[in-house]
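Each chain, written out:
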Amino acid sequence: MTDVAKHAGVSRTAVSFVLSNRADASISEETRRRITEAAHFLGYRPNAGARALASQRSDWYGLVTEIVTAPFAVDIIKGAQDRAWKDHRFLLIASTDQGVADGDGTTDGEQRSLEDAAIEKLLEQRVEGLLYAATWHRAVQVPKAVREVPTVLINCFDANGELPSIVPDEVNGGRRATRRLLEAGHRRIGFINLDPDIPAAVGRLEGYRLELASAGIALDEGLIASGHATADGGYEAVHKILDQTDPPTALFCGNDRMAMGAYDAIKERGLSIPEDIAVIGFDNQELIAAYLRPKLTTVALPFEEMGALGVQSLSQLTAGQPITAHKQMVDCPLLERFSV
């Protein structure tokens, strides 16, 4: 600031007032212009850390997630980052993954320690709020330190029910997939589910049940099987369902990986998609859905939208405005391709 003052021919105090946007400072527009031009010419950059200490505001949000390179995490980060820029906020991103995906034997306790350390580092940077994002929808036990600042959970929810969360609307996503098959004229619709008890499996199955009921179709438990979220599991489950004397003419697969296995099982039997049997997936994993033949119609998980809504909700909280819905559901859209 001393250099800027010398260059502009003004006092250091005047520079301080102008660069800190002091509205009550009696400084002429000409002087403000000279100071601003001098700061730009000299490449002056304010010390954000000092500003944060002085004002107790940093304009930074912290985002904690497990694996920042996972496709779903990237989409959450993109949505959050885009919204943060619009709100003149900035994200500090911390990954808590240290080789877990590589099978290095990291224990739950070690993973918890990584989360604690990541959150502490973000709090040391005086972030105004935290986003805690999971790569798959589930209940979580969050570290106690997150309660020191406003916190919003994304793609997960607080097992203790204390923190606000943004999650996909699994039930309506399941209804939308089933409705699309009903609209195509199918009445015997098989459902290949994920592992039981996880929120996605429970919600998508409930959506399937509700939509069949609304169409006046009795539920046939024989048309429901678990594919354990894998392509191999989907392959085996579809063979089991198609072995029935009255097999389905359409399949709703709880994720795109199981749909990929379903394609293999269907084609091994000499059947065509969608002429002989229609298939819908869930998740919209681009590397699968867009490259299967035919391309897979699927329900998308709204990761970018959840990231953006997380920042919007956090901005409300940091501004002292309450959030009316403790758990906010985000719609899961249907992406039409060629498998129905």
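These remarks concern the structure in this document. (Residues numbered from 1 in each chain as written. Predicted model: local features only at pLDDT ≥ 70, side-chain atom pairs only at ≥ 80, totals over all residues. Heavy atoms only, no water.)

1. Points about the nonpolar core
Operational definition: Buried Ala, Val, Leu, Ile, Met, Phe, Trp, Tyr and Cys residues form a nonpolar core when they are joined through side-chain atoms within 4.5 Å. Classification of residues uses two cut-offs on accessible area relative to the type maximum, computed with a 1.4 Å probe and protein chains only: under 20% is buried, over 50% is exposed, and between them is partly exposed. Where helices and strands are cited, they refer to DSSP runs of H or I of at least four residues and of E of at least two residues respectively, numbered from the N terminus. We call two residues in contact when some of their heavy atoms are within 4.5 Å.
Counting 62 residues, the largest nonpolar core has L131, Y208, V238, F252, C253, I266 and V279 as its most contacted members. Looking at this core element by element, the count peaks at 6 residues for helix α10 (residues 256-268). The residues contacting Y208, other than those within four sequence positions of it, are G174, R175, T178, I189, G190, F191, L219, L223, I224 and F252.

2. As for the packing of aromatic side chains
Which entries qualify depends on this criterion: Pairing of aromatic side chains here covers Phe, Tyr and the six-membered ring of Trp, requires ring centres within 6.5 Å, and sorts the geometry by plane angle: under 30 degrees stacked, over 60 edge-to-face, intermediate tilted. In this scheme, the term charge over a ring applies when either NZ of a lysine or CZ of an arginine sits within 6 Å of the ring centre and within 35 degrees of the ring normal.
For the structure on display, the rule yields 5 aromatic pairs. On the basis of an interplanar angle of 25 degrees and a centroid distance of 5.0 Å, the ring pair of F191 and Y208 is categorised as stacked. Here F191, found in strand β6 (residues 189-193), pairs with Y208, found in helix α8 (residues 199-214); they are 17 residues apart in sequence, far enough to count as distant. In this structure an aromatic cluster arises from ring pairing among F191, Y208, F252 and F282. Cation over ring: R204 sits above F282, and NZ or CZ is 3.7 Å from the ring centre. Lying across the ring of F157, K327 places its NZ or CZ 3.9 Å from the centre.

3. So, the sheet that holds strand β2 (residues 90-95)
The cut-off we apply is this: Strands are treated as partners if at least two bridges between them are detected by DSSP. A fitted line through C-alpha atoms serves as each axis, taken over the contacting stretch for helices, and the angle formed by two N-to-C directions is quoted from 0 to 180°.
Strands sit in the order β2-β1-β3-β4-β5-β11 across an open sheet of 6 strands; the sheet is parallel. Of all strands in the sheet, those with a lone pairing partner are β2 and β11 (327-330), marking the two edges. Put simply, the sheet's adjacent strands are angled 25 degrees from each other on average, direction ignored. Relative to strand β5 (residues 165-168), strand β4 (residues 151-158) runs parallel, the two sharing 2 bridges. Directly across from L153, in β5, lies its bridge partner S165. Sitting on the sheet, helix α12 (residues 303-318) touches β1 (60-65), β3 (129-140), β4, β5 and β11, and the angle it makes with β4 is about 145 degrees.

4. Side note on the pairing of β3
Where burial is concerned, most of β3 is hidden: 10 out of the 12 residues are buried. Where β3 meets β4, 7 bridges bridge the pair, whose relative direction is parallel. Bridge pairing links A139 to F157 in β4.

5. As for helix α3 (residues 29-42)
Rules: Helices are assigned an expected span. That span is 1.5 Å times one less than the residue count. Directions drawn from the helix axis to the C-beta atoms are what define this arc.
The end-to-end C-alpha distance of α3, which contains 14 residues, comes to 20 Å, matching closely the 20 Å that a straight helix rising 1.5 Å per residue would cover. Among the residues of α3, those classed as buried are T31, R32, I35, A38 and A39. End-on view of α3: buried residues confined to an arc of 130 degrees, all on one side of the axis. Within α3, the exposed residues directed more than 90 degrees away from the buried face are E29, H40 and F41.

6. Focus on the pattern of salt bridges
Opposite charge on two side chains allows them to pair when their charged atoms are near. To keep it simple, the criterion reads: We count a salt bridge whenever a side-chain nitrogen from Lys or Arg sits within 4 Å of a carboxyl oxygen from Asp or Glu.
Summed over the entire model, instances satisfying the criterion amount to 22 salt bridges. Between E124 and K121 there is a salt bridge, with its nearest N and O atoms 3.8 Å apart. Of this pair, E124 and K121 both sit in helix α6 (residues 108-124), separated by 3 residues, roughly a single helical turn. We classify K121 as exposed; its relative accessible area is 54%. For the salt bridge of R147 with D158, the shortest nitrogen-to-oxygen distance reads 3.7 Å. Pair noted here: R147 is in the loop between β3 and β4 and D158 is in strand β4, with a separation of 11 residues, a long-range link. Residue classification places D158 among the buried residues on the basis of a relative accessible area of 5%. Ionic contacts of the salt-bridge type, sharing partners, join the residues E30, R33 and E37 into one network.

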